[in-house]
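Spelled out, the chains give:
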Amino acid sequence: MADRYKIPRGTFDILPEESYKWQYVKNVFHQIAQAYNYREIVTPIFEVSQLFERTVGDSSDIVQKEMYKFQDKKGRTFALRPEGTASVVRSYVENNLHMNNYGDRLFYMGPMFRYDRPQKGRYRQFYQYGVEYFGSQNAYVDAEVIALAYQFLKTLGLNNFQLEINSIGCPNCSKDYDKALVDFFTPHLGELCQDCNNRIKKNPKRLLDCKIPTCKAIAANAPSMLDYLDEECQQDFDSLQKYLTDLEIPFTINPRIVRGLDYYRKTAFEFINNNLGAQNALCGGGRYDGLVKQLGGKDVPAIGFAGGFERLILSMENEGLSFGEIPKPKYFFVMLGNDAKEVGLPLLNKIRVQNIVADAAPDKASLKAQMKAANKSGAPFTLILGDEELKKNIIFLKDMETGDQKEIALDNILEQLDSIK
Ligand code: AMP
């Protein structure tokens, strides 16, 4: 027997009966991003691994445990991208993408890869949508980016989600805050997990983000970043809240949001859907003002977000939302006999080139088998062409719902079909 293969763990096929849902959410994202004047950028799915090690941060789970790293035939070390921002910034710097002097708005969509324990809503290959705004430090822009994400979720019809915002300050605020965290956590080191023990030296904020229940319980009483914001960060955070209120976007403040990556500053936010279970983050983002410079560009401030399509689709299914029309043919062509098949082929094509979805089952011979296929296709109309009809230069049009059948002339079939709604 031939070998049969299985899909890699943590990945999934998007099968034909699901793919229209993906198409739908991607189209809506495209539309919304364009309405906010964001332009698409597409980067490769692999990059030199250092790009992520240096930016995402070597204390992050992504870099420590989750990167798909490999060497190519020349021994260069690459990684499948675990997230989109580092690649977009790399491209922004490499291509001098200072398209506008008032801010550059970019969006992307595509697969990301993380070697994590697969579970509902968490995969090893998953698909993200995201935006990045380069060139402004203004909290106005933070509000715009959040508004775009909110508008996207709302346009899909989602209701069961909450926006949580935080400010994680800047390196200036972190000096005192990191020290306060170290002081707070140090007496608990014996109770904290190994990861937290390692992280406390490199990035103590990350201890706020640990998912292990004992660590979580301890972190619940840790000092809040919001008590350590310097004047500028506090002002920006106040402005963001005002702008979101002006935009009528409901939010709550959650001082525990730290985001998983090292490069964030000031605004951090997440859209949460509590019906999703453990993996409840629909999308998340934040400001990363130092990153462009860190990757060799100018000192350009930036903010962005990314979300996963899988959790989005799951949430939409949970809320019973529509993904637009399920694709199906409008006409199913039943052709009886070789002559009808010969005449039928260009006719079928004529319909299709008008962008009208039409199908046929050329390998089925009998009327019964072809009608069965027509029924299965879900087409509301069937066109039936046999020898008798050919002689009379007509074709039967059958309304599959009512069963009504009428003759139409083959010669101007398109015009006649056109008049059917
Ligand atoms: P992150 O880059 O970790 O902030 O993730 C941003 C968003 O991507 C999350 O809110 C999820 O919607 C999605 N996401 C992240 N990791 C995964 C994963 N392993 N599987 C599915 N979706 C994910």
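Residues numbered from 1 in each chain as written. Predicted model: local features only at pLDDT ≥ 70, side-chain atom pairs only at ≥ 80, totals over all residues. Heavy atoms only, no water.

A. Structural detail: the site of the ligand. Taken together, 15 residues lie around the ligand, and R114, Y123, Q128, R259 and G308 are the ones closest in. At 2.9 Å, a backbone N or O of Y123 approaches a nitrogen atom of the ligand. At 3.0 Å from an oxygen atom of the ligand is found a main-chain nitrogen or oxygen belonging to L282. The fraction of the free accessible surface of the ligand (480 Å²) that becomes covered by protein chains is 89%. (Near = heavy atom within 4 Å. Polar contact = N/O pair within 3.5 Å; in protein donor to acceptor, adjacent residues only side chain to side chain. Areas by Shrake-Rupley, 256 points an atom, 1.4 Å probe, with all protein chains shown as cover.)

B. Inspection of the sheet that holds strand β3 (residues 69–71) at higher detail. The sheet built from 3 strands is open, its strands ordered β2-β4-β3 with antiparallel pairing. Looking at which strands have only one partner, the edges of the open sheet turn out to be β2 (46–48) and β3. Going from strand to strand, the sheet's axes swing by 35° on average, the running direction of each strand aside. Pairing between β3 and strand β4 (residues 77–80): 3 bridges, direction antiparallel. In the sheet register, Q71 faces β4, and the bridge partner there is T77. (Pairing = 2+ DSSP bridges. Helix = DSSP H or I, 4+ residues; strand = E, 2+ residues; numbered from the N terminus. Axes fitted to C-alpha atoms, helices over the stretch in contact; angles between N-to-C directions.)

C. Molecular detail of the packing of aromatic side chains. For the structure shown, the criterion picks out 27 aromatic pairs. Judged by centre distance (5.1 Å) and plane angle (70°), the rings of F12 and Y123 are edge-to-face. Taken together, the residues F12 in the segment before α1 (16–35) and Y123 in the loop between β5 (104–113) and β6 (125–134) connect sequence positions 111 residues apart. A residue is classified by how much of its surface remains accessible, and Y123, at 21% relative accessible area, is partly exposed. Look at Y68 and Y115: their rings are 5.8 Å apart centre to centre, the planes differ by 80°, and that puts the pair in the edge-to-face class. One end of the pair, Y68, is in the loop between α3 (61–66) and β3; the other, Y115, is in the loop between β5 and β6, and 47 residues separate them in sequence. When its relative accessible area of 44% is taken as the criterion, Y115 is described as partly exposed. Taking NZ or CZ as reference, R124 lies 4.0 Å from the ring centre of Y115, over its face. (Phe/Tyr/Trp six-rings, centres within 6.5 Å; stacked < 30°, edge-to-face > 60°. Buried < 20%, exposed > 50% of the residue type's maximum accessible area, 1.4 Å probe, protein only. Lys NZ or Arg CZ within 6 Å of the ring centre and 35° of its normal.)

D. Highlighting the packing of α1 against helix α5 (residues 139–155). Two numbers describe how α1 lies on α5: the axes approach to 10 Å, and their chain directions differ by 140°. Compared by their axis directions, α1 and α5 come out oblique. As for the relative orientation of α1 and α5, their crossing is right-handed in sense. Residues V25, V28, F29, I32 and A33 of α1 pack against L148, Q151, F152 and T155 of α5. Tallied by class, residues from the contact of α1 with α5 come to 7 nonpolar, 2 polar and no charged. (Parallel < 35°, antiparallel > 145°, perpendicular 65-115°, else oblique. Left-handed = near helix turned anticlockwise from the far one by under 90°. Contact = heavy atoms within 4.5 Å. Nonpolar A, V, L, I, M, F, W, Y, C, P; charged D, E, K, R; others polar.)

E. Region of the structure containing the pairing of strand β9 (residues 265–272). In terms of burial, β9 is a largely internal element, 7 of the 8 residues being buried. As paired elements, strand β7 (residues 162–167) and β9 share 6 bridges and run antiparallel to each other. Pairing of E164 across the sheet is with E270, part of β9. In the sheet, β9 pairs with strand β10 (residues 281–287) via 6 bridges, with the strands oriented antiparallel. The partner of E270 across the bridge, within β10, is G284.

F. Molecular detail of the pattern of salt bridges. Going through the model one piece at a time under the given rule, you end up with 20 salt bridges. Linking R287 and D142 is a salt bridge whose minimum nitrogen-to-oxygen distance equals 2.6 Å. Residue R287 is located in strand β10, and its partner D142 is located in helix α5; the two are separated by 145 residues in the primary sequence. Summarising the burial analysis for this pair, R287 and D142 share the class buried. (Salt bridge = Lys/Arg side-chain N within 4 Å of Asp/Glu carboxyl O.)

G. A look at a positive patch on the surface. A surface patch of positive charge is lined by K364, K368, K372 and K376. Within the secondary structure, K376 is located in helix α13 (residues 367–377). The class of K376 is exposed, set by a relative accessible area of 77%. (Patch = residues over 30% accessible without salt bridge, like charges linked within 9 Å, V, L, I, M, F, W, Y side chains within 5 Å. Lys, Arg positive; Asp, Glu negative; His and termini not counted. Charge placed at Lys NZ, Arg CZ, Asp CG, Glu CD.)

H. Broad picture of the nonpolar core. Counting 67 residues, the largest nonpolar core has Y129, F152, F185, F271, F305 and L312 as the members making the most contacts within it. Per element, the largest residue contribution to this core is 11 residues, and it comes from α5. Ignoring anything within four residues of it in the chain, the contact list for F305 reads F29, Y108, Y129, G130, V131, V145, L148, A149, F269, C283, G284 and G285. (Core = buried A, V, L, I, M, F, W, Y, C linked by side-chain atoms within 4.5 Å.)

Any functional reading would require information that these geometric values do not contain.
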